[in-house]
Amino acid sequence: MQYPIHQVRNNIYHYRTILRRAILTRYFGMTIGENTRISSKARLDYTNPRGIHIGAHTSVTFDVAILTHDFVNNKHVDTHIGAYCFIGAGSIIMPGVTIGDHCIVGAGSVVTKDVPDCSIVAGNPARIMRSDIMTTEYGILTPELQS
């Protein structure tokens, strides 16, 4: 039985995602929700890995840095990302920040303060661009709100 190449690729991606989540939760102690996608090129803070908490159905894209420690002030804090969120490429999530559920962080943003639920933030430092949004799996805007 032959599989088209895209099915093989999707199966490999699916099992690699499951394996990576198992490693990050069991061996590093991170809290990662079900069906969450974290790019293999995302940089997670292994200095304080137990401080990373990511909700279910969230997408963390490539070159995202999630920090949980501040070397200068010698503190280790928890960083939370809610469920149904999308974190854009090249974003930096600073230590101690909480990103609410159903949020979108624009590419290249530096998130220095807490982000309320159902918001889109972008920029350096990240500012709220839009509120009262709703997202589906992996932070995709619902069709009626894409205008």
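Residues numbered from 1 in each chain as written. Predicted model: local features only at pLDDT ≥ 70, side-chain atom pairs only at ≥ 80, totals over all residues. Heavy atoms only, no water.

A. Region of the structure containing the overall build of the protein. Scanning the protein from N- to C-terminus turns up 1 helix and 16 strands. For 147 residues, the compact-globule formula gives about 15 Å, and the C-alpha radius of gyration of the protein, at 16 Å, lands near that figure. The C-alpha extent of the protein, read off along each of the three principal axes, is 55 × 40 × 20 Å. Going through the 147 residues of the protein one by one, you find that 39% of them count as buried. The long-range share in the protein, meaning contacts at least 24 apart out of those at least 6 apart in sequence, stands at 27%. Entry remark: accessible area of the protein is about 8,600 Å², with carbon and sulfur atoms responsible for 56%. Across the protein, the 13 positively charged side chains and the 11 negatively charged ones have centroids separated by 9 Å. (Helix = DSSP H or I, 4+ residues; strand = E, 2+ residues; numbered from the N terminus. Rg over C-alpha atoms; globule rule 2.2 N^0.38 Å. Buried < 20%, exposed > 50% of the residue type's maximum accessible area, 1.4 Å probe, protein only. Contact = heavy atoms within 4.5 Å. Areas by Shrake-Rupley, 256 points an atom, 1.4 Å probe, with all protein chains shown as cover. Lys, Arg positive; Asp, Glu negative; His and termini not counted. Charge placed at Lys NZ, Arg CZ, Asp CG, Glu CD.)

B. Main features of the sheet that holds strand β5 (residues 59-60). The 6 strands are arranged β2-β5-β10-β13-β15-β16 in an open sheet whose pairing can be described as mixed. If you trace the sheet from one side to the other, it starts and ends with β2 (37-38) and β16 (127-131), each paired once. Across 4 bridges, strand β15 (residues 119-122) lies against β16 in antiparallel orientation. Considered in β16, the bridge of Ile120 is made with Arg130. (Pairing = 2+ DSSP bridges.)

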